[in-house]
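Now for the letters of each chain:
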Amino acid sequence: MAVPAQTCGASRPGPARTALPWPGRSPRPGPGTRRPAARPPRPLLLLLPPLLLLPLLAAPGASAYSFPQQHTMQHWARRLEQEIDGVMRIFGGVQQLREPDSPESCRTGYPSRTSPPTLAYSCCEPATKVWTYCSLPPPELLEAEQGCRFEPCAGTIGIWGLERHPSASYPHLSLHIYLPEPLKTSSMESISTSAGQVAKARVEVQIYKDNRNLFEVQENEPQKLVEKVAGDIESLLDRKVQALKKLADAAENFQKAHRWQDNIKEEDIMYYDAKADAELDDPESEDVERGSKASNLRLDFVEDSNFKNKVNYSYTAVQIPTDIYKGSTVILNELNWTEALENVFIENRRQDPTLLWQVFGSATGVTRYYPATPWRAPKKIDLYDVRRRPWYIQGASSPKDMVIIVDVSGSVSGLTLKLMKTSVCEMLDTLSDDDYVNVASFNEKAQPVSCFTHLVQANVRNKKVFKEAVQGMVAKGTTGYKAGFEYAFDQLQNSNITRANCNKMIMMFTDGGEDRVQDVFEKYNWPNRTVRVFTFSVGQHNYDVTPLQWMACANKGYYFEIPSIGAIRINTQEYLDVLGRPMVLAGKEAKQVQWTNVYEDALGLGLVVTGTLPVFNLTQDGPGEKKNQLILGVMGIDVALNDIKRLTPNYTLGANGYVFAIDLNGYVLLHPNLKPQTTNFREPVTLDFLDAELEDENKEEIRRSMIDGNKGHKQIRTLVKSLDERYIDEVMRNYTWVPIRSTNYSLGLVLPPYSTFYLQANLSDQILQVKYFEFLLPSSFESEGHVFIAPREYCKDLNASDNNTEFLKNFIELMEKVTPDSKQCNNFLLHNLILDTGITQQLVERVWRDQDLNTYSLLAVFAATDGGITRIFPNKAAEDWTENPEPFNASFYRRSLDNHGYVFKPPHQDALLRPLELENDTVGILVSTAVELSLGGRTLRPAVVGVKLDLEAWAEKFKVLASNRTHQDQPQKCGPSSHCEMDCEVNNEDLLCILIDDGGFLVLSNQNHQWDQVGRFFSEVDANLMMALYNNSFYTRKESYDYQAACAPQPQGNLGAAPRGVFVPTVADFLNLAWWTSAAAWSLFQQLLYGLISHSWFQADPAEAESNPEARESSCVMKQTQYYFGSVNASYNAIIDCGNCSRLFHAQRLTNTNLLFVVAEKPLCSQCEAGRLLQKETHSDGPEQCELVQRPRYRRGPHICFDYNATEDTSDCGRGASFPPSLGVLVSLQLLLLLGLPPRPQPQVYAYASRRL
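Quick caveat: nothing in here was measured; it's all calculated off a predicted structure.

What counts as what
- Residues numbered from 1 in each chain as written.
- Predicted model: local features only at pLDDT ≥ 70, side-chain atom pairs only at ≥ 80, totals over all residues.
- Heavy atoms only, no water.
- Helix = DSSP H or I, 4+ residues; strand = E, 2+ residues; numbered from the N terminus.
- Buried < 20%, exposed > 50% of the residue type's maximum accessible area, 1.4 Å probe, protein only.
- Contact = heavy atoms within 4.5 Å.
- Areas by Shrake-Rupley, 256 points an atom, 1.4 Å probe, with all protein chains shown as cover.
- 1 Å grid on protein atoms, 1.4 Å probe; cavity = no way out; pocket = protein on both sides within 12 Å on 5 of 7 lines; lining within 4 Å.
- Points joined across faces, edges and corners; volume = space filled by probe spheres on them.
- Nonpolar A, V, L, I, M, F, W, Y, C, P; charged D, E, K, R; others polar.
- Salt bridge = Lys/Arg side-chain N within 4 Å of Asp/Glu carboxyl O.
- Pairing = 2+ DSSP bridges.
- Right-handed = clockwise from strand over helix to strand, strands pointing away.
- Axes fitted to C-alpha atoms, helices over the stretch in contact; angles between N-to-C directions.
- Core = buried A, V, L, I, M, F, W, Y, C linked by side-chain atoms within 4.5 Å.
- Polar contact = N/O pair within 3.5 Å; in protein donor to acceptor, adjacent residues only side chain to side chain.
- Phe/Tyr/Trp six-rings, centres within 6.5 Å; stacked < 30°, edge-to-face > 60°.
- pLDDT = per-residue confidence, 0-100.
- Disulfide = S-S within 2.5 Å.

Looking at the overall build of the chain
Working step 1: What the chain contains, in helices and strands, is 39 helices and 49 strands.
Working step 2: The buried share among the 1253 residues of the chain stands at 57%.
Working step 3: Looking at the chain alone, contacts between residues at least 24 apart form 74% of all its contacts between residues at least 6 apart.
Working step 4: Carbon and sulfur atoms make up 50% of the accessible area of the chain, which amounts to about 52,500 Å² in all.

Dropping the structure here:
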């Protein structure tokens, strides 16, 4: 009982057609008559609700068009939904891939196959009724089980009817439900399904069912799984700990047995200088010109993939910082006794071949590491110093609470102030994330240099704030030590904030003064002296340094002098020796292994963590005297993150399951989003768990529990960011976590509910293995479709390649030599790969090959599986396939698993790039959906299937589906005296019709000129309309920050932290003889001479910037903005209020898709371009640090603290050694400079020259 369709503009109780005929490339119908100018005044319209406006928009006059009414657009939306569903059900092969078990809700509560097909329509109110169907009717229509489900509320019985539409692009059946007259205008619905779908449903052979004997369903048990991985990681690290303890004990014994040699010479020492090769290649090298007397070894190296480097396993290598003189007595003695470590290194590797770098970092600055490899030095000056590495700092002392106070009185000016600024920045670099710090300046009063009013964590971002703030310090006023120290002690006594609660210290930088402020120390620090005071005399001056020495000595600190730039790095790190005294005196109690944060290995190993153990000086100064309290250095053994990752399950967790680990700071050790873009080894990689994921309250609770070392499990609904960082999905996730014993780490496992089970292939039939394997051969691609295989580690001898064609070739060659059951191969991966090869081939044979893709304007059909197969049909479509061959790393694959229904993915377009070129119909839109299996009550999603739509053809089809056509060839015409509603085909000059996805990106449009903008964020296409959609809650915005981005270096300013700025004397200074003999002149000449050695201290070298990655880019923060569907699910009409430029629009979500269907009036003018939503990633300073520190994230410091020992000898607290300028030397230097003959400077000051070993 079909009811004829009514004319244009009327209500449509007639049948809705699932698939309209394809328009092909026929000329587009001409535009309809534009709206007449005589329309109701805008001010009057604005007083009426939008829904009441729609009937008024039918302007009087012949051939007038009105804005479509809501039920009309709902009708168009249903046609779009049905067309999409029809195509996907045919080509997606979902019926073929799925086992016939149906959800319980679709098998109960419906009429039996013999009962009359009566259908009940129930509705509480017209706007909220829902029509869905679960199963498809067989041809016996009168006996069909109607899979229709309705909202459970009182309703009205309707009349059913069936109609066949042979003129459609594919045969289909429509089931129509006609309601009583009162409901016709607001509630007319129809439910359609294609005959092609019905035929598919009748096929009894399902692919997975036919292959059921070839695989088993395995279960992921989160608690057992995470405990096993935690145990494996614990065992791995424990092996490194044993090697570490062996090295530390040996080093202490070797040094204790060593006899100091005062007359030791360079030629007496044999060692491999890791920087020798680079220095020989550099004709300006100091050692080349000076003629190094050291007996450097010349070694041969072999490539080792584990180290990603060339190594020599028979020797160790030595690296000495550039600013340390290699020929000094201290360094030569250090080289002499550490040589014995070589045999211990070698023996450790013999016992554990998986060991990576074994390193001893000496307190003198010498680094000895094994195996030997050439040093990766930069083109210019090498600033690497092991004492500034994160692992050394963490191992050499307990956590610190530090307050830095800087004298900015009027006497501190010019170069002295610049030296102070640089010194503070270098001091900050000696702090790790376990430390807390604040920086203040003082003259008559003290005040913080930044917005931080209390101690804050010394993380990278906070230290950056300090460094920038320090550059703004200005010298003025008079010196007031009392104000500075009182401020510092108040900071350290503040117990209402998070802090390290271990070593407490004050670092004061000044040019000198007379006041000793003894009363301050008596009030705050004596008699217990819990706060150490370190004083730094900066610049060349004639002040009495005795008060500064007294302050340090009276408060268990140390006094240092920084006369010039060359002394900054050395003297700002020596304080660690003083802090190490309690550790040395504690003996075995302090010999505890600590594991570091993640950082970049300086030798190219990638991201590593390091186990550290301090090495103590066990010698005594003389018979019966106190034992030595100096720390010799730190022993470290690296563990690559990739080695830890290998212990975690990869492919059994599915594409969206993963393992992660965090430390006591909440920083991630393992996480799929831990991907730093820079290789700057000077900064640790500190990505917080809440920054690696999208933060919410549930994750804050999980993070806190993990830091506290607890076990736990929690299922949460959370937001996740897509792999391409363009979309946001709301998903369910199960979090399970346990601590990793004997470490500071905690391990977590994340599983989506659909990844609780997974398939494990069992291909014991070798004949079947060979049969399926043949479908991987390129010779089969023409008939079976092109196959991409995921670049996984299937076998040990498989050569990796970034080119998938080459990788497939390597794979095939290897499989001709070994079997899938070979011990050198991963049997799980190989069996699943071969099984999925056969399953996807059967999909081609049973579904794809029988269909004509051109009939449906499809460029390709595809299937991707958990097993690593991506099959594209036809073969030629693979030429334009740009998705990742690893399904787990493909955005469409992961999003399809997380979303029900069909996920549209338009081609990605950047706003700065040129529009798409529609040539040869190669631009396509991916539509994909997950294959959900229910096997014996266990649900899983092992594959994703989809199609690639021809953009231009589907844009034309989109117009037809959103039109008033009643015949396949003729668009609906408006009669001479009738009023018709506009549609997206005839009235495309007046009406804008679009499909945009859940991220706000344009998918389809009825405007031909917008086709090349498909894939762009819609605000770049129509900012006015996108803003209206956002304001009406169709979209929600999510902002986050990427702390791992890489940016081009910022141009150096005059206030840069690097010591490139030079004090420029005035003309009056040059004319004043006193200036030439002053400390300022002498310090200036020192800086100039140092600059002759290291040109980069004054200006960047363009050649270096081009060749050195560190000069090209640095880590930075990028702000990311994504949009996702808001709370509005129903259709919605609204008006964009802008006076005479106002626009009506209608928006409606398409069910079972990630699309929003929008119909709007085209803008009459551009006066409403008030705001534009931004989606593009932008450079940012990140969230306001001054606000973040007021609500710090939860953390816990190391559980050990050594900051006090009653037997500590504090008598060694520094002695000043003034270096007055010589008029004769100054004049000589000046003459040499004027003649252009710069002298070769004397050997540079080396670290720890007075160190009593």
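Structural notes on empty space enclosed by the protein
Working step 1: The final tally for this structure, using the stated rule, is 16 cavities of 30 Å³ or more.
Working step 2: As for the largest cavity, its lining consists of 24 residues, of which Y758, L759, N832, D866 and P942 are closest to the centre.
Working step 3: Sorting the residues of the lining of the largest cavity by element identifies β34 (757–761), α29 (827–846) and β40 (938–950) as the ones contributing at least two each.
Working step 4: Of all the elements, α29 adds the most residues to the lining of the largest cavity, at five residues.
Working step 5: Class assignment of the residues belonging to the lining of the largest cavity gives a composition of 14 nonpolar, six polar and four charged.

Considerations on the pattern of salt bridges
Working step 1: As enumerated under the stated definition, the model contains 38 salt bridges in all.
Working step 2: For K326, the salt bridge goes to D273, with nearest N and O atoms at 2.7 Å. Here the residue K326 occupies a position in the loop between β14 (317–319) and α12 (329–338), and D273 occupies one in the loop between β10 (270–271) and α10 (276–281), the gap between them amounting to 53 residues.
Working step 3: You can call K326 buried: its relative accessible area is 10%.
Working step 4: Exposure remark for D273: the relative accessible area of 3% places this residue in the buried category.
Working step 5: Between E956 and K959 there is a salt bridge; the shortest N-O distance is 3.9 Å. Of this pair, E956 and K959 are both found in helix α31 (residues 951–961), three residues apart, which corresponds to roughly one turn of the helix.
Working step 6: The network of salt bridges with shared partners includes R461, D688, D691, E695, R703 and R1193.

Description of the pairing of strand β22 (residues 531–538)
Working step 1: The element β22 is largely enclosed, with a buried count of eight among its eight residues.
Working step 2: Where strand β21 (residues 503–510) meets β22, seven bridges bridge the pair, whose relative direction is parallel. When the bridges of β22 are listed, M505 appears paired with R532.
Working step 3: Considered for its hand, the β-α-β crossover made up of β21, helix α18 (residues 518–524) and β22 is right-handed.

A short note on the sheet that holds strand β44 (residues 1035–1047)
Working step 1: An order of β44-β45-β49 is seen for the three strands of this open sheet, with the pairing classed as antiparallel. Two strands close off the open sheet at either side, each with one partner strand: β44 and β49 (1178–1180). Taking each pair of neighbouring strands and ignoring which way they run, the sheet shows an average axis angle of 35 degrees.
Working step 2: As paired strands, strand β45 (residues 1114–1125) and β49 are joined by three bridges and run antiparallel to one another. Paired with V1117 across the bridge in β49 is S1180.
Working step 3: Against the sheet, helix α32 (residues 1023–1031) touches β44 and β45, its axis set at about 110 degrees to β44.

Some details on unusual backbone geometry
Working step 1: A cis amide bond, omega 5 degrees, links W526 with the succeeding residue P527.
Working step 2: Tracing the chain through its elements places P527 in the loop between α18 and β22.
Working step 3: Here F873 and P874 are connected by a cis peptide whose omega angle stands at 0 degrees.
Working step 4: Here P874 lies in the loop between β37 (869–873) and α30 (891–898).
Working step 5: In the Ramachandran plot, N501 falls in the positive-phi region, its phi being about 55 degrees despite a non-glycine side chain.
Working step 6: Even without glycine at this site, K556 takes up a positive phi of about 60 degrees.

Describing the nonpolar core
Working step 1: Formed by 97 residues in total, the largest nonpolar core has its most connected members in L858, L1029 and F1157.
Working step 2: Here this core gets nine residues from one element, more than from any other, and that element is helix α3 (residues 70–91).
Working step 3: Dropping the residues within four chain positions of it, L1029 is found in contact with I996, F1034, Y1035, F1145, A1147, L1156 and V1158.
Working step 4: L641, V685, W737 and V738 belong to the second-largest nonpolar core, a separate cluster that totals 43 residues.

A few points about the side chain of N875
Working step 1: You can see N875 is positioned in the loop between β37 and α30.
Working step 2: For N875, a relative accessible area of 18% puts it in the buried group.
Working step 3: Within polar-contact distance, the side chain of N875 engages the side chain of E782 at 3.3 Å.
Working step 4: Residue contacts for N875: discarding those within four places in its chain leaves F781, E782, G785 and H786.

Remarks on the environment of Y1123
Working step 1: With respect to the helices and strands, Y1123 occurs in strand β45.
Working step 2: With relative accessibility at 0%, the residue Y1123 sits in the buried group.
Working step 3: Residues Y1123 and L1174, spaced 51 residues apart in sequence, show a C-alpha to C-alpha distance of 9.9 Å.
Working step 4: Filtering out sequence-adjacent residues up to four positions away, Y1123 remains in contact with I728, D998, G999, F1017, Y1030, Y1035, T1036, R1037, L1173, L1174 and Q1175.
Working step 5: Looking at Y1123, its side chain comes within polar contact range of the main-chain oxygen of L1174, at 3.4 Å.

Quick notes on the packing of aromatic side chains
Working step 1: Scanning all chains against the criterion turns up 44 aromatic pairs.
Working step 2: Residues F485 and F521 carry aromatic rings whose centres are separated by 5.2 Å and whose planes lie at 70 degrees to one another, so their mutual orientation is edge-to-face. In this pair, F485 is assigned in helix α17 (residues 481–493) and F521 in helix α18, connecting sequence segments 36 residues apart. Comparing F485 with F521 shows no difference in burial state: the two are buried.
Working step 3: Look at F660 and Y735: their rings are 6.3 Å apart centre to centre, the planes differ by 70 degrees, and that puts the pair in the edge-to-face class. Of this pair, F660 sits in strand β28 (residues 658–662) while Y735 sits in strand β32 (residues 728–739), and the two are 75 residues apart along the sequence.

So, the confidence of the model for the chain
Working step 1: Chain-level pLDDT for the chain is 78 on average; 72% of the residues reach the 70-or-more range.
Working step 2: Taken together, the stretch residues 1–63 has pLDDT below 50 and engages in 157 contacts with residues farther than four places along the chain or on a different chain.
Working step 3: In the model, residues 1089–1111 has pLDDT below 50 throughout and makes 41 contacts with residues more than four positions away in sequence or in other chains.

Topic: the sheet that holds strand β42 (residues 991–997)
Working step 1: On the basis of which strands lie adjacent, the open sheet formed by five strands has the order β43-β42-β48-β47-β46 and antiparallel pairing. Edge strands, defined here as strands with exactly one partner in the open sheet, are β43 (1002–1005) and β46 (1132–1136). Between one strand and the next, the sheet's axes are offset by a mean angle of 25 degrees, whatever the strand orientation.
Working step 2: Sheet strands touched by α3: β42, β46, β47 (1143–1149) and β48 (1155–1161). Its angle to β48, the strand with the most contacts, is close to 145 degrees.
Working step 3: On the sheet, α32 packs against β42, β46, β47 and β48 and is oriented at approximately 55 degrees with respect to β47.

Here we look at the state of the cysteines
Working step 1: Enumeration over the complete set of coordinates arrives at six disulfides.
Working step 2: Each sulfur in the disulfide pair C451 and C1186 lies 1.4 Å from the other. On the sign convention where negative means left-handed, the S-S torsion of about -75 degrees between C451 and C1186 marks this disulfide as left-handed. Note that C451 is positioned in the loop between β19 (446–448) and β20 (456–457) and C1186 in helix α38 (residues 1185–1188), a separation of 735 residues in sequence.
Working step 3: When its relative accessible area of 31% is taken as the criterion, C451 is described as partly exposed.
Working step 4: One disulfide in the model links C984 with C993; its S-S distance is 1.8 Å. On the S-S bond that ties C984 to C993, the torsion sits near -80 degrees, and the link is left-handed. This pair shows no difference in class: C984 is buried, exactly as C993 is.

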